Amino acid sequence: MKRRDFLKLSAAAALAGAAAACGAAPAASASSAQASSLTASSASSTASAASSAASASAQAAGSRTLVACYSATGNTAAVAGYIADATGADLFLVQPVDPYTDEELNYNDSGSRVSQEHADPALQTVELEATTPDGWADYDTVFVGYPIWWGQAGWPLNGFVTGNDFAGKRVIPFCTSASSGLGSSAQNLAQLAGSGDWQEGMRFRSSASAEDVAQWLAGLSL
Ligand SMILES: Cc1cc2nc3c(=O)[nH]c(=O)nc-3n(C[C@H](O)[C@H](O)[C@H](O)COP(=O)(O)O)c2cc1C
């Protein structure tokens, strides 16, 4: 099996794992067309057409695009898959070494892991399986995705943002949430990163569809 084929399979497994099992899959960096088809299988012909156009546009421009995201329960990973599928981008899932269990994600429990970490920012440093995607220097556009936690980006993403140099890259943030807007989350990430051309971000509902994503992408000049 060629290395690229292996990477594609790894991405497919990682995305499926993230979508189904709360980010317990290993980190992966790979071409995502195959991976995202697992989550984008319900895409309509409209979404497909927009996807093809976006992908063709990105390829025609000779740009290299990456979709990186942290996703605790799979919603943001699904959106990442739709973006990667539509643009032909590679996919990188930010994975904590110690993934959050459902119990640990219970923000209604003041003793849960997230609640304790939220209460004490000193606890928000999360060790990652991998911080820098393969070929990072070659990407000129990076979509950065995350779930909203207490109005901000889920902090497991922070290590990815601080651990990479975004200089010369166009950065397009996106998030999923139950009801909150993007708020200041993307601006705060841009500040944390300290480099890169961070664009206006986009918030999606937790159960965003491929069509939702395709509509957004159609309005971006990729
Ligand atoms: C710890 C925690 C805090 C959250 N805080 C918010 C919030 O402030 N506003 C909101 O609309 N949703 C909030 N949510 C819901 C998530 O943003 C939403 O379910 C998101 O789609 C999860 O994405 P994921 O599946 O990629 O992890 C929170 C979820 C968790 C686990």
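As the structure is a computational prediction, the values presented were derived from the model and not from experiment.

Enquirer: Account for the environment of Val 161, naming residues and giving values.
Expert: Assignment of secondary structure puts Val 161 in helix H6 (residues 158-162). Accessibility expressed as a C-beta count within 10 Å gives 26 for Val 161, which makes it buried. Separated by 30 residues in sequence, Val 161 and Gln 191 have C-alpha atoms that sit 9.7 Å apart. Setting aside its immediate chain neighbours within four residues, Val 161 contacts Leu 189, Leu 192 and Ala 193.

Enquirer: Please provide a residue-by-residue account of the pairing of strand S4 (residues 141-149), values included.
Expert: Side-chain direction in a regular strand flips from residue to residue, so the side chains alternate between the two faces of the sheet. Here S4 lies mainly inside the structure; nine of its nine residues are buried. The pairing of strand S2 (residues 65-70) with S4 spans five bridges and is parallel. If you follow Leu 66 over to S4, its bridge partner there is Val 142. Sheet topology places S4 next to strand S6 (residues 170-177); seven bridges connect them, and they run parallel. Looking across to S6, one finds that Gly 145 is bridged to Phe 174. Where S4 meets strand S5 (residues 152-153), two bridges bridge the pair, whose relative direction is antiparallel. Within S5, the residue paired with Ile 148 across the bridge is Ala 153.

Scoring rules and cut-offs
Residues numbered from 1 in each chain as written. Predicted model: local features only at pLDDT ≥ 70, side-chain atom pairs only at ≥ 80, totals over all residues. Helix = DSSP H or I, 4+ residues; strand = E, 2+ residues; numbered from the N terminus. Buried ≥ 20, exposed ≤ 12 C-beta atoms within 10 Å, placed from the backbone. Contact = placed C-beta atoms within 7 Å. Pairing = 2+ DSSP bridges.

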